[in-house]
Amino acid sequence: MEATSFEKPDPGGGFGAPATLTADQIQSVVKDVLATSQFIDMHTHLYSPVFGKIGLWGIDELLTYHYLEAEFFRYSSMTPEQYWSLPKPAQADAIWQALFVENSPVSEATRGVIAVLHAFALPTGASGLTEARSFFKNQTIEDHIPRVLKMAGVSSVVMTNDPLDAEEQPVWMKGVQRHPQFQAVLRLDRLLREWSEPWPLLASQGYQVDDQASGNSIAEIRRFLADWCERMRPVYMAVSLPDTFQFPEDTVRGKILREAVLPSCREFGLPLSLMIGVRRQVNPGLRLGGDGAGRADLRALENLCRSFPDNRFLVSVLSRENQHELCVYARKFSNLMPFGCWWFLNNPSIVEEITRERIEMLGTSFIAQHSDARVLEQVIYKWRNTRNTFTPILTETYRSLSRDGGKVTRGNIERDVRRLFCSNFTRWTGQGDGA
Ligand code: RAT
Ligand code: ZN
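Residues numbered from 1 in each chain as written. Chains lettered and ligands numbered in written order. Predicted model: local features only at pLDDT ≥ 70, side-chain atom pairs only at ≥ 80, totals over all residues. Heavy atoms only, no water.

Asker: With reference to specific residues and values, describe the pattern of salt bridges.
Answerer: Across all of its chains, the model carries 24 salt bridges by this definition. Put simply, R410 and D32 hold a salt bridge, and the shortest N to O gap is 2.8 Å. In this pair, R410 sits in helix α17 (residues 410-428) while D32 sits in helix α1 (residues 23-36), placing the two residues 378 residues apart along the sequence. On the basis of relative accessible area, R410 is assigned to the partly exposed category, the value being 31%. The shortest N-O distance in the salt bridge between R190 and D162 comes to 2.5 Å. In this pair, R190 is assigned in the loop between β3 (182-187) and α10 (198-204) and D162 in the loop between β2 (154-158) and α9 (168-174), connecting sequence segments 28 residues apart. Look at R190 and you get partly exposed, because its relative accessible area is 26%. Overlapping salt bridges, with partners in common, bring together R187, D189, R280 and D291 in one network. (Salt bridge = Lys/Arg side-chain N within 4 Å of Asp/Glu carboxyl O. Helix = DSSP H or I, 4+ residues; strand = E, 2+ residues; numbered from the N terminus. Buried < 20%, exposed > 50% of the residue type's maximum accessible area, 1.4 Å probe, protein only.)

Asker: Any chance you could break down the layout of surface pockets for me, citing the residues and the numbers?
Answerer: Of the pockets and cavities examined, the largest pocket occupies roughly 1,200 Å³. Along its surface, the largest pocket is lined by 34 residues, and H45, Y47, D165, L288 and R374 are the ones closest to its centre. Those elements that provide at least two residues to the lining of the largest pocket are α3 (66-75) and α5 (88-101). Element by element, the count of residues in the lining of the largest pocket is highest for α3, at 3 residues. (1 Å grid on protein atoms, 1.4 Å probe; cavity = no way out; pocket = protein on both sides within 12 Å on 5 of 7 lines; lining within 4 Å. Points joined across faces, edges and corners; volume = space filled by probe spheres on them.)

Asker: Account for the coordination of the zinc ion (ligand 2), with residues named and values stated.
Answerer: The expected angle between donors at a tetrahedral four-coordinate metal is 109.5 degrees. At an octahedral six-coordinate metal it is 90 or 180 degrees. Distances from the zinc ion (ligand 2) to its protein donors, namely H43 (NE2), H45 (NE2) and D372 (OD), fall within the range 2.0 to 2.1 Å. Of note, the zinc ion (ligand 2) draws all its donor residues from one chain, in the sequence arrangement H-x1-H-x326-D. In this structure, H43 and H45 share a single accessibility class: buried. (Donors = N, O, S within 2.8 Å, 3.2 Å for Na, K, Ca; no water.)

Asker: Now, about empty space enclosed by the protein: what can you tell me, with residues and values included?
Answerer: Enumeration over the complete set of coordinates arrives at 2 cavities of 30 Å³ or more. As for the largest cavity, its lining consists of E108, N346, N347, P348, V351, K382, N385, T386 and T389. Taken together, the elements giving at least two residues each to the lining of the largest cavity come down to α15 (348-362) and α16 (378-403). In terms of residue count, α16 provides more of the lining of the largest cavity than any other element does, 4 residues in total. Residues that form the lining of the largest cavity fall into these classes: 2 nonpolar, 5 polar and 2 charged. Estimates place the volume of the second largest cavity at around 30 Å³. Forming the boundary of the second largest cavity are W96, L117, P123, A126, G128, L129 and A132. When its residues are assigned to classes, the lining of the second largest cavity shows 6 nonpolar, 1 polar and no charged. (Nonpolar A, V, L, I, M, F, W, Y, C, P; charged D, E, K, R; others polar.)

Asker: Tell me about the side chain of S319, and name the residues and values.
Answerer: If you trace the backbone, S319 turns up in the loop between β7 (313-317) and α14 (323-332). Of the polar contacts made by the side chain of S319, one reaches the side chain of E321; its length is 2.8 Å. Not counting chain neighbours up to four residues away, the residues in contact with S319 comprise G294 and R295. (Polar contact = N/O pair within 3.5 Å; in protein donor to acceptor, adjacent residues only side chain to side chain. Contact = heavy atoms within 4.5 Å.)

Asker: Mind laying out the site of ligand 1, listing which residues take part and the relevant values?
Answerer: The immediate surroundings of ligand 1 are formed by H43, H45, H66, Y67, R187, M275, R280, W342, W343, D372 and R374. R280 has a polar side-chain atom sitting 3.0 Å from an oxygen atom of ligand 1. Contact with the protein chains covers 98% of the free accessible surface of ligand 1, which is 300 Å². Of the pockets mapped on this structure, ligand 1 occupies the largest pocket. Taken together, the residues that form the shell around ligand 1 break down as 4 nonpolar, 3 polar and 4 charged. (Near = heavy atom within 4 Å. Areas by Shrake-Rupley, 256 points an atom, 1.4 Å probe, with all protein chains shown as cover. Sits in = over half its atoms within 2 Å of the grid points.)

Asker: Any details on helix α13 (residues 299-307)? Residues and values, ideally.
Answerer: Among all positions in α13, only A300, L301, N303, L304 and C305 are buried. Packed against the buried residues of α13 are α12 (252-268), β5 (272-279), β7, α14 and β8 (336-338).

Asker: Outline the packing of aromatic side chains, supporting the account with residue identities and numerical values.
Answerer: In this description, an aromatic ring pair is defined by two values, namely the gap between the centres and the angle between the planes. Scanning the model with the defined rule gives 21 aromatic pairs in all. Aromatic pair F390 and F421: ring centres 5.1 Å apart, planes at 70°, arrangement edge-to-face. Of this pair, F390 sits in helix α16 while F421 sits in helix α17; the two residues are 31 residues apart in sequence, bridging distant segments of the chain. The exposure class assigned to F390 is buried, which follows from its relative accessible area of 0%. Taken together, the ring pairs connect F39, W383, F390 and F421 into an aromatic cluster. (Phe/Tyr/Trp six-rings, centres within 6.5 Å; stacked < 30°, edge-to-face > 60°.)

Asker: So what about the pairing of strand β4 (residues 234-242)? Which residues, and what values?
Answerer: Counting buried positions over the 9 residues of β4 gives 8, a clear majority of the element. Pairing of β4 with β5, which is carried by 6 bridges, proceeds in the parallel orientation. Across the sheet, the residue bridging to L241 is I276, located in β5. (Pairing = 2+ DSSP bridges.)

Structure below.
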């Protein structure tokens, strides 16, 4: 119900006070604030130029994004084996032909490529990729990065840094010159896999660990974490976990988490990001595109939050069915910060549902979104779509508040958007006061 003549909006409380917005004004102000605010992208797979080829960008990478590869096999008769045997440009051509020429690019991931091409005034309906390729060939990554981030309205991005990755590790060992728009994250997936995989890698870096994680191993894992914190200066540590994740658990992973990772996070004042619910390699033939999602038992999270009140957790869950529970837990544990709509959830219909639920249960005390971009230019469409999805959600939220008699000003909206997309994150990671 809009305000009636006898329910006039409060003009704002006197001369010089910020004007209270009417229901009609709210939408355009929300849209404008979302369009003009700079966001922090708190989880991506993007890299600063110093990482060289690890940082993906350009049309061939955009088209061979694993979200699109998975869609490609729904339309093409090509087998994964045939596809993987092709050089990257031929893979990109095959995907362009199948998903963009022969079929309408209406899925979230295909529309994203169209939006990126359009943003650079490149043809979106061409039969081939010649023009797009020559455009990207003419860019230098050092200039292209700030331009793309500006187009996306993103001030800085957070990388995913794996100290046990054979390509990444040598870059860090040489000493990484900091880029003002990139922050590091110490990713622990490999460390927390079946111990038979990481322990030889740690040993090869000079840490005295053994195949049973016994003796000095835990102390040595802590030394490994301390060295990598020093080298990377991460803003948090992170791990993705399966739907079957349990805590406490009587496994090497449970022990490393409890006795090494959590104490190190406390020692260095870093939150631990838990991304729960991935089912790795349900179809290995699709490689990166072969992972699935499953509903997790969030009692593991409850146990972690309750047993370790001095640790801060950033948490994203992959299953739609776990979202409500996550909100309930965030109401119980103030050391829990829900973030983003991860991976298969980053579609407008699901983002809308999850975000409305979070606002209703948590107000603005969560981190609204991250892009998970793997290819630089993806931030353009992913953040544009986020802004579009959030416009009606926030408009409706403030209109409801206004109908209930609350005062809504541009300043309130700016503050809330800043919290949702920037300062809840900087506060949680000890980089700001959350204003
Ligand atoms: O969204 C993705 O690209 C996934 O493949 C994963 O990388 C996921 O985001 C993760 O960080 O594990
Ligand atoms: Zn990711």
